[in-house]
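Results of the structural survey
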Amino acid sequence: MEYNDSLFGAASLEAPGDLAAALALPGEAGHFDELHGRTLDKAIVGMAQSQSQAQVPTPLQLAGAASPPATAPDTSLAGTLPANLSAEWSRFFNFLGDGGFDDLNHRTANLQRQIRDNGVTYNVYADANGPQRPWSLDLFPLILSAQDWAQIDVGVRQRARLLERIMADVYGPQQLLELGLLPAALVQGHPGYLRPMHGMRPAGGTFLHIAAFDLARGPDGRWWVVSQRTQAPSGLGYLLENRLAISRLFPEAFREMKVQRLAASYKALVDGMKASCPATDQGEESRIVLLTPGPYNETYFEHAYLARYLGLTLVEGSDLLVRDDKLYLKTLQGLERVHGLLKRLDDEFLDPLELRSDSTLGIPGLLQAIRAGNVLVANAPGSAFLESSALLGFLPALSRHLLDQPLALPSLATWWCGEQAALQSVLPRLKECVIKGTYPGSGIQSVIGQTLSRRELDEWAGRLVRRSEDYTVQAYLPLSQTPTWQGQRIAPRSTMLRVFAVADGTGSWQVLPGGLARLAGANDKIASMQQGGSSADVWAMEDNVPCSKPRNASFASSSAPAPLSASGGEMGAAPRAVVRSLHNLHKPPVTSRAAENLFWLGRYTERTENAIRMAQLTLLSLNGEDQSSQPLMAWLSELAVKNGLVIDSVPPATQSRRVFERSLIASLADTENAASVGYSLRALKGAASAVRERLSQEQWHVIMRAETDFFRRCEAFSGPDHPASQALEYSSVEALAALESASGFLAAMTGAQTDRMSRDDGWRLLSTGRHIERLNTLASSLILGFETGAVYDEGGFGAILALFDSTITFHAQYQQQRDVPALLDLLVLDRDNPRSLGWVTQTLRGRLARLAENTVGAPQPVPDLTATLPDPGNWQLHELCTAAPGAPESSQYDGLLSQLEQCCSAAFELSDMLSRRYFSHVAADEHSLGA
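Residues numbered from 1 in each chain as written. Predicted model: local features only at pLDDT ≥ 70, side-chain atom pairs only at ≥ 80, totals over all residues. Heavy atoms only, no water.

**Comments concerning the overall build of the protein chain**
- Along its length, the protein chain carries 32 helices and 21 strands.
- A burial count over the protein chain gives 55% of its 931 residues as buried.
- Element-wise, carbon and sulfur atoms account for 50% of the exposed surface of the protein chain, whose accessible area totals about 39600 Å². (Helix = DSSP H or I, 4+ residues; strand = E, 2+ residues; numbered from the N terminus. Buried < 20%, exposed > 50% of the residue type's maximum accessible area, 1.4 Å probe, protein only. Areas by Shrake-Rupley, 256 points an atom, 1.4 Å probe, with all protein chains shown as cover.)

Right, here's the structure in full:
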């Protein structure tokens, strides 16, 4: 890409780095500028800010606009404002690829669409816009030079080893407490110290498997440790998603700059856990699961994403139980042993028997299973005291004592006010510090001293004196500022870097090359996702040392067996072992919770589709040529009430057609007072979110778009803020358009469920749920058709065919006949018609039989669920259409109605039996004790 240097007179902007420098807004004085690789002083920043107030050309103008901008950038600061970018950023802008700077806004739009389409969310509990919001990711990565990364890598490995040694001592001999190297108040007085775990030796001998460190670069260019996380550090999934998104947008830069890969660190984590798991039975492979609090956790997307990427089963506490000091997973096949637990749950919620008794997220008896050495938990419970900011002040001495080394990566100066000497030392300097709470749950929010008035500082000093142990004071560090793309300019944002270390099972640690960068808002000093911040990918450059094999190879390249020899001889021992291992692997287990949610996902998908079809049919009939048909209007009214499309107090269409129509339209998106389309769509999404790790990104995207599109369309024609609200409030045309769009999305969902999901027992339960719902809906609709006489009415006859989605098939087979026997032949008996009752019951029996085959070895006896269903092979048309001898003519279809009633009751009974057998694991003859 060539740039027009005539825009700048003598200043040449032929290099992309020069253009980037011209587009960059100045950073704050006293902050390290990542773009230029230096810290700007106040004089330079003041001059740069004066320049930035002038009119600045856009990238299009800088790249060769037809006419020069009104005011070109002033080049008089060339000697004061850093004209040269850092080497890494210069290389990055040199590899922007086709389009250069002109294409950045387009890439930003693609990035936002990709995040939205992939369903990447970060839940914020206090967000007024709902529990979920899209993950915020900036276009530019944070780039770390090979020298910077080498320093971070060494320092983080050392700190991970140090924290592991501290954990081993605190839950073992406690020599650090005896020697006074650690105050007892910061350990035994910390709510995260778990006395039930004292004396425990974890499976594999390792307490910590993951450790996260929050780093910040100071004005001196050095990296400082600000905090550390060991309970359930978040970010491993989000940083992977960030990497995939940004590397696709800048493929040339990512390739040419030799960015270190991430996959090997994830593999090391899983391999390390497997190596540390307790011994298994001969031939049995260690089963590791990922424990999540559930869909309402702020980082649930990450839990599902990690589980899918690492190949782990995503479980909640209710999926697990402890028996004989061993941990088991509740699956469709019964209880299966769990050897390892990667937890994303804070320690206090893990075991309601020994920790928080009100926790519904944990597993009763888990701590006893850990003490018995029968399950590995990463990280071992009880590490929360390591997260206290007060501990940072003691780490230098602890490192010298435990490792006989000084800290390679310094911590910010930290004073725990529980020590009188530290308190007296820090009181005079509160203005230059940050005040933090020592213990979690204290309600103390971090406060930056620079933002406080003299009076407020005095008030804080009084609090520190009165409750000294509860407060920790940390030196204030101006965060480095990394470049971000803001429409037409490059703007600096304060950044914090989170780096992860993982244990590889051999007693050593690996540092994930990169990390998660958190960016502060435009005017914020704190980089926090909860406070509306953003994130950025982190590119750690490789050094130039050649190696004989690729570093950080992917999962596939690092574990693939060697190919057969050219001679076609026998496989070696290693490949043969791999084949045996693959042959012996069991299919991933389907947990009872996942099975239940898949079952209801199927039911709500079918229920939504039926509600859409009923609403479309009703609106078309109310405004069609058969609107005067009383049997048809009666059937539609009964159908709408029975299926929750309108409330039962609404006058039926036979009495007030327009009132009924308005009520039907008004209820479409009502999720509070009706169970119409909107309610079912939202329930469908809720069930899908609980099994998100089993759904493809495309399938989840369709579900999200279906809900968003439907409610947006409904708001457009019935929202109170619509300028023509009164005119459009009950528009059947607009309502039909919304229903038509929703029907298209439901067709896509059905296709994904049918053709893009593995046919395991979870899928069979999803399919069973759909067919149970279809069986009940179609059978009850046909019963109402006979009770209201709609089946004998020309308009009603056609409407029933339309509801069964069989109009074209009927006309192809029977032309213009309107005979009830012909209708029953297609809608009840035809087992080639997927909307007929015969096909539905036949399919259900097949699904249930296959489920029973797969649970032969289960500890509970498998009941014959197919006995609940009628056998369509025994149905005969003449028996369904003939009255009993001596019976009145009006009872001609009593046999049919009896079969239809049996189908409805069978659907309800089968649903209950499936719940008892597969979801709650309660046998029919089990009874609770007590009154």
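**Some words on the packing of aromatic side chains**
- Inspection of every chain in the model, using the stated rule, returns 27 aromatic pairs.
- Between F599 and F919, the ring centres sit 5.6 Å apart and the planes meet at 50 degrees, which makes this aromatic pair tilted. In this pair, F599 sits in helix α19 (residues 592-622) while F919 sits in helix α32 (residues 894-919), placing the two residues 320 residues apart along the sequence. Here F599 matches F919 in class, with each residue buried.
- Between F786 and Y893 the ring centres are 5.1 Å apart and the planes differ by 50 degrees, which places this aromatic pair in the tilted class. (Phe/Tyr/Trp six-rings, centres within 6.5 Å; stacked < 30°, edge-to-face > 60°.)

**Observations regarding helix α16 (residues 454-466)**
- For α16, which comprises 13 residues, the first-to-last C-alpha distance of 19 Å matches the rise-based estimate of 18 Å (1.5 Å per residue) to within 8%.
- Every buried residue belonging to α16 is among L457, W460, A461, G462 and L464, and all of these are buried.
- Tucked inside the fold, the buried residues of α16 contact α15 (420-426), β14 (433-437), β15 (447-448) and β16 (471-475). (Expected span 1.5 Å × (residues − 1). Contact = heavy atoms within 4.5 Å.)

**Considerations on the sheet that holds strand β9 (residues 326-331)**
- Sheet architecture is open: three strands sit in the order β8-β9-β10, paired in antiparallel fashion. Among the strands making up the open sheet, the edge pair consists of β8 (320-323) and β10 (334-337). The mean inter-strand angle of the sheet, taken between neighbouring strand axes irrespective of direction, is 40 degrees.
- Summarising the sheet, β8 and β9 pair through four bridges and their orientation is antiparallel. Looking at the pairing, L320 lines up with L329 of β9. (Pairing = 2+ DSSP bridges. Axes fitted to C-alpha atoms, helices over the stretch in contact; angles between N-to-C directions.)

**Quick word on the nonpolar core**
- The biggest cluster of nonpolar side chains holds 102 residues, and the ones touching the most others in it are W635, F710, L824, V828 and L914.
- Considering each element in turn, this core owes the most residues, 13 residues, to α19.
- Excluding anything up to four places from it in sequence, L824 contacts L782, F786, L829, L877, C881, Y893 and L896.
- In this structure, A185, A390, L395 and L519 belong to the second largest nonpolar core, which totals 74 residues. (Core = buried A, V, L, I, M, F, W, Y, C linked by side-chain atoms within 4.5 Å.)

**Quick word on the side chain of R770**
- Of note, R770 is situated in helix α26 (residues 761-788).
- Exposure remark for R770: the relative accessible area of 7% places this residue in the buried category.
- Within the structure, R770 has its side chain in polar contact with the side chain of T750 (distance 3.0 Å).
- Here R770 is in contact with G602, R603, T605, E606, E609, T750 and Q753, once residues within four sequence places are set aside. (Polar contact = N/O pair within 3.5 Å; in protein donor to acceptor, adjacent residues only side chain to side chain.)

**As for the pairing of β10**
- Across four bridges, the pairing between β9 and β10 is antiparallel. Each residue of the ladder has a partner; that of K330, found in β10, is L335.
- Where β9 folds back onto β10 in an antiparallel hairpin, the turn is made up of two residues.

**Section: the sheet that holds β14**
- As summarised here, the arrangement of the four strands in space is β13-β16-β14-β15, forming an open sheet in which the pairing is antiparallel. The outermost strands of the open sheet, each flanked by one partner alone, are β13 (414-416) and β15.
- Relative to β16, β14 runs antiparallel, the two being bridged by five bridges. Across the sheet, residue K436 finds its bridge partner in β16, namely T472.

**Considering the pattern of salt bridges**
- Under the counting rule described, the total for this entry stands at 37 salt bridges.
- For E609, the salt bridge identified is with R770, shortest N-O distance 2.8 Å. Placement of the pair is E609 in helix α19 and R770 in helix α26, with a sequence separation of 161 residues.
- Three or more residues are tied together by salt bridges with common partners; here these are E606, E609, R613, R770, R774, D805 and R835. (Salt bridge = Lys/Arg side-chain N within 4 Å of Asp/Glu carboxyl O.)

**Some thoughts on the environment of R493**
- Here R493 shows up in strand β18 (residues 489-503).
- In this view, R493 contacts S480, Q481, T482, T484, Q486, L519, A520, G521 and A522; residues no more than four positions away in its chain are not counted.

**Quick look at unusual backbone geometry**
- A378 connects to N379 through a cis peptide bond whose omega is -5 degrees.
- One non-glycine residue, D805, lies in positive phi territory at about 55 degrees.
- Summarising the element assignment, D805 is placed in the loop between α27 (794-803) and α28 (807-814).
- Here D805 falls in the partly exposed class, since its relative accessible area comes to 48%.

**Concerning the packing of helix α11 (residues 263-276) against helix α12 (residues 300-310)**
- Two elements in contact, α11 and α12, have axes separated by 11 Å at closest approach and are oriented at 85 degrees. Taken together, the axes of α11 and α12 lie roughly perpendicular to each other. The residues of α12 that touch α11, namely those facing A263, Y266 and V270, are L306, Y309 and L310.
- Across the contact of α11 with α12, the residue classes break down as six nonpolar, no polar and no charged. (Parallel < 35°, antiparallel > 145°, perpendicular 65-115°, else oblique. Nonpolar A, V, L, I, M, F, W, Y, C, P; charged D, E, K, R; others polar.)

**Focus: the pairing of strand β20 (residues 516-519)**
- Here β20 shows a buried face lined by L516 and R518 and a second buried face lined by A517 and L519.
- In this structure, β20 lies alongside strand β21 (residues 534-540), joined through four bridges in antiparallel fashion. Bridge pairing links L519 to S534 in β21.

**Some thoughts on the packing of α19 against α27**
- It is at 10 Å that the axes of α19 and α27 come closest, and there the two elements cross at 155 degrees. Accordingly, the angle class assigned to the pair α19 and α27 is roughly antiparallel. Where α19 crosses over α27, the handedness of that crossing is right-handed. Counting all contacts with α19, which are made through R613, M614 and L617, the residues of α27 involved are A799, A802 and L803.
- Its residues assigned to classes, the contact of α19 with α27 shows five nonpolar, no polar and one charged. (Left-handed = near helix turned anticlockwise from the far one by under 90°.)

**A closer look at the environment of L681**
- With respect to the element layout, L681 can be found in helix α22 (residues 677-689).
- Spatially, the C-alpha atom of L681 lies 9.3 Å from that of A742, the residues being 61 residues apart in sequence.
- In this structure L681 touches T608, A706, E707, F710, L746 and M749, once residues within four positions along its chain are discounted.

**Some thoughts on the confidence of the model for the protein chain**
- For the protein chain, the mean per-residue pLDDT works out to 83, and 82% of the residues sit at or above 70.
- Every residue in residues 52-81 is under pLDDT 50, and counting partners more than four places away or in other chains gives 53 contacts.
- In this model, residues 923-931 is a region of pLDDT below 50 whose contacts with residues beyond four sequence positions or in other chains number two contacts. (pLDDT = per-residue confidence, 0-100.)

**Brief notes about the environment of Q842**
- Within the element layout of this structure, Q842 appears in helix α30 (residues 837-853).
- Between the C-alpha atom of Q842 and that of D871, which follows or precedes it by 29 residues, the distance is 7.4 Å.
- Residues in contact with Q842, not counting those within four places in the same chain, are R831 and P872.

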